[in-house]
Amino acid sequence: DLEPTEAAITEAMTQSSEIYLAPNSVIKTTAHNLKVPQSGVTIHGNGATLQGGEQDFSINEVYESGSTVNLTIENLNGVKVWGQPNNSQNNNCTFNINLKNCPMKGATNKSGNNMVMVRGADDATCKVNINADNCYLEAMQVAFHTSVAGIEVYKNCTFKNVGIPINIAKKLNGASMSISVIGCTFDNCGIASDDTTNSAYDYAAPIRVVDNGGPADAINLLVDGCTFTGTISQWDILLMDYRAGKIWFPVKYTIRNCTPANPKVKATAD
């Protein structure tokens, strides 16, 4: 098993496609230093914990145009994946991010933790495909945030006291997305509409999916078998953009088998 240092992990990722961390170890990390290579990597966390100001695996690197970068992480506490896609660094690249049994806990629903933050330029042409399975996230402003196209699946995840657990805002015009949220639990999530101390107060919901690029129905959202309890925001699912000056397009959605049976959905400005 790999010794628990940031430098050792970074070096190992350049040499091996599969890494096993020492069980229950603690790895101290600094800003964006865990750079994911173009060849990709699988991390077996074995219950290890990342600690530091920025404990993220960075996909904010220069990759050959058209590359596919695979990142799989399982059983690792406090893991983050971060990137700011733009066409000069990763034109037409595909990032496959797979997270399984990964927990993260912050302090409040204003905490700046993010398990995945991939937010790039409006014209970024890369795709980010996310599979999050059985992850537990508690007390943070946003858990997952993407602004580029792709296929995203969230399955059997638990969100507790998270402002916006799933925050998707597609920017690129003409790009399509498929988003599935299956068997997830949202407990005491959202932000009160009058809580202006939280910068996301005016666009918060347990599931927020907004298409700022279009065309209409370019995003297909499925919410299946999810439970919404004690939602703080006005809606369980928000599919439009309340922010001043923003243009948004309709999202095609299917909601079934949920508790309550009819979650509160806001899809139009009326």
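Scroll up a little and you will see the structure.
Read on for an overview of the structure.

This part is about the overall build of the protein. Looking only at helices and strands, the protein has 2 helices and 22 strands in total. Relative to the compact-globule value of 18 Å for 270 residues, the protein shows a C-alpha radius of gyration of 18 Å, a close match. Each principal axis of the C-alpha atoms in the protein carries an extent, and together these give about 55 × 35 × 35 Å. Expressed as a percentage of the 270 residues in the protein, the buried residues total 51%. Contacts in the protein between residues far apart in sequence, at least 24 positions, make up 71% of those at least 6 positions apart. As displayed, the protein has an accessible area near 11000 Å², and 46% of this comes from carbon and sulfur atoms. On the protein, the mean spot of the 19 positive side-chain charges and the mean spot of the 25 negative ones are 5 Å from each other.

What follows deals with unusual backbone geometry. Pro215 follows Gly214 through a cis peptide bond whose omega is 0 degrees. Its location among the elements puts Pro215 in the loop between strand E17 (207-211) and strand E18 (219-224). The peptide bond linking Thr259 to Pro260 adopts the cis configuration, its omega dihedral lying at -5 degrees. Even without a glycine there, the phi angle at Asn161 is positive, about 55 degrees. Along the polypeptide, Asn161 turns up in strand E14 (residues 158-170).

Now for the packing of aromatic side chains. Tallied over the entire structure, the rule returns 6 aromatic pairs. Here the aromatic rings of Tyr63 and Phe95 are separated by 5.5 Å at their centres, their planes lie at 70 degrees, and the arrangement is edge-to-face. Of this pair, Tyr63 sits in the loop between strand E5 (56-58) and strand E6 (68-77) while Phe95 sits in strand E8 (residues 94-100), and the two are 32 residues apart along the sequence. Across the pair, exposure class does not vary: Tyr63 and Phe95 are buried alike. An aromatic cluster of at least three residues, connected via ring pairs, comprises Phe144, Tyr154, Phe159, Phe186 and Phe228.

Moving on to the nonpolar core. Within the largest apolar cluster, 66 residues are counted, with the highest numbers of intra-cluster contacts made by Phe57 and Phe159. Ranked by size, the runner-up nonpolar core spans 6 residues in total, among them Val142, Ile191, Tyr203 and Ala204.

Counting buried positions along strand E12 (residues 136-146) gives 10 out of 11 residues, so the element sits mostly inside the fold. Examined bridge by bridge, strand E9 (residues 103-105) and E12 share 3 bridges and lie parallel to one another. When the bridges of E12 are listed, Pro103 appears paired with Tyr136. Summarising the sheet, strand E10 (residues 116-118) and E12 pair through 3 bridges and their orientation is parallel. Along E12, the bridge assignment pairs Val116 with Phe144. With 8 bridges joining them, E12 and E14 adopt parallel strand pairing. Residue pairing in the sheet places Tyr136 in a bridge with Thr158 of E14.

Calculation rules
Residues numbered from 1 in each chain as written. Predicted model: local features only at pLDDT ≥ 70, side-chain atom pairs only at ≥ 80, totals over all residues. Heavy atoms only, no water. Helix = DSSP H or I, 4+ residues; strand = E, 2+ residues; numbered from the N terminus. Rg over C-alpha atoms; globule rule 2.2 N^0.38 Å. Buried < 20%, exposed > 50% of the residue type's maximum accessible area, 1.4 Å probe, protein only. Contact = heavy atoms within 4.5 Å. Areas by Shrake-Rupley, 256 points an atom, 1.4 Å probe, with all protein chains shown as cover. Lys, Arg positive; Asp, Glu negative; His and termini not counted. Charge placed at Lys NZ, Arg CZ, Asp CG, Glu CD. Phe/Tyr/Trp six-rings, centres within 6.5 Å; stacked < 30°, edge-to-face > 60°. Core = buried A, V, L, I, M, F, W, Y, C linked by side-chain atoms within 4.5 Å. Pairing = 2+ DSSP bridges.

Everything listed here is a matter of coordinates, which is why it stays silent on function.
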